[in-house]
Amino acid sequence: MSLSALAHSNNDNDAPAQLSDFDRYSLDLSKHDVTITAPDSFRLLDMRGRAGLDAFINPAYPSGEEIYPVGIESADAKAVFLYPQIDFKSRKQVIRKGRVVEDELRFNRNDLALDVRPLIDVVALDDMTAYANADTAVIYQLKANWLHPFLSYKNIIGVYLRKYGHPAMLLKIALTDDAMLDKDKYVRLLLDNVRFGDEPFTGLVLQEQRLPGINDLDFPSPQYKPDGFIISPVEQALFNVWDEGGKEAYRIKQSLDQTP
């Protein structure tokens, strides 16, 4: 079912406002060669008060990294698909998010030195049609630690999809204990409703070119600690690019200021 068609299957009086958010989200992704659709059995979910879901990983270690403003729920209330906020207008990189997978697993298990490799399935086949046409898919499991939203959904499946020149998708599937027994069905349902095209977005290709030789899927990734903060090689490289850009802008401004 298309996202627009969901408006006619949801009796919630607030559906139009939520639908508008969902449609805008889908439209933004389509401009960057990513298509999302909603399964027939899913309905729009009122996300008011539930969008800032980073704390579900572990309330003691909220990462502040990902926000999920859009969600759809199965008609039997056994599953929720959560779609991450992607800010295409900021300078924050949106293409390589493997570090987030590591952080989520470590925070979730209260072990910041955890080797995450045994906890993730990395899929990179010659034919990735069954995995949203991504270059790589990473699938992992978290135990939900909800503070208040989605209390019946005690299990989280993370699905990280990565394709060159496209926005990284850090998707989440929230499942009840019953649905968790059939988790593969829901992973397949999610993947069947996300598709990356084959036309890289120019702006994101430029981001890729600024990060040569850096693999965000090489778990565990090396970590840098400038000024006491732990950051990934991807972030380090971007900071270097932005720092040089800032210095160049300052030099240009200084030369203009000194021009008679």
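Remember, predicted model here, so these are calculated numbers, not experimental data.

In any sheet, the strands associate via hydrogen bonds between backbone groups, in a parallel or an antiparallel arrangement. Spatially, the 7 strands line up as an open sheet ordered S2-S3-S4-S8-S7-S6-S5, and their pairing is antiparallel. Looking at which strands have only one partner, the edges of the open sheet turn out to be strand S2 (42-44) and strand S5 (120-123). Here the strands of the sheet are splayed against their neighbours by 20° on average, with no regard to which way each runs. Note that S5 and strand S6 (residues 136-143) share 4 bridges and pair antiparallel. Residue pairing across strands places Ile120 opposite Tyr140, the latter belonging to S6.

By size, the foremost hydrophobic cluster in this structure holds 40 residues, and its most contacted members are Tyr83, Leu161 and Ile173. What Ile173 contacts, discounting residues up to four positions off in sequence, is Val80, Phe81, Asn155, Ile156, Ile157, Val159, Tyr186, Val187 and Leu190. Within the second largest apolar cluster, 23 residues are counted, among which are Tyr68, Leu114, Leu217 and Phe219.

Taken as a whole, this structure holds 9 salt bridges when the rule is applied. Arg117 is the partner of Asp115 in a salt bridge, and the nearest nitrogen-oxygen pair spans 2.9 Å. Residue Asp115 is classed as partly exposed on the basis of its relative accessible area of 32%. For Asp182, the salt bridge goes to Lys185, with nearest N and O atoms at 3.7 Å. For Lys185, a relative accessible area of 44% gives the class partly exposed. Among the ionic contacts, a cluster of salt bridges with common partners joins Asp135, Lys163 and Asp198.

How each quantity is defined
Residues numbered from 1 in each chain as written. Predicted model: local features only at pLDDT ≥ 70, side-chain atom pairs only at ≥ 80, totals over all residues. Heavy atoms only, no water. Pairing = 2+ DSSP bridges. Helix = DSSP H or I, 4+ residues; strand = E, 2+ residues; numbered from the N terminus. Axes fitted to C-alpha atoms, helices over the stretch in contact; angles between N-to-C directions. Core = buried A, V, L, I, M, F, W, Y, C linked by side-chain atoms within 4.5 Å. Buried < 20%, exposed > 50% of the residue type's maximum accessible area, 1.4 Å probe, protein only. Contact = heavy atoms within 4.5 Å. Salt bridge = Lys/Arg side-chain N within 4 Å of Asp/Glu carboxyl O.

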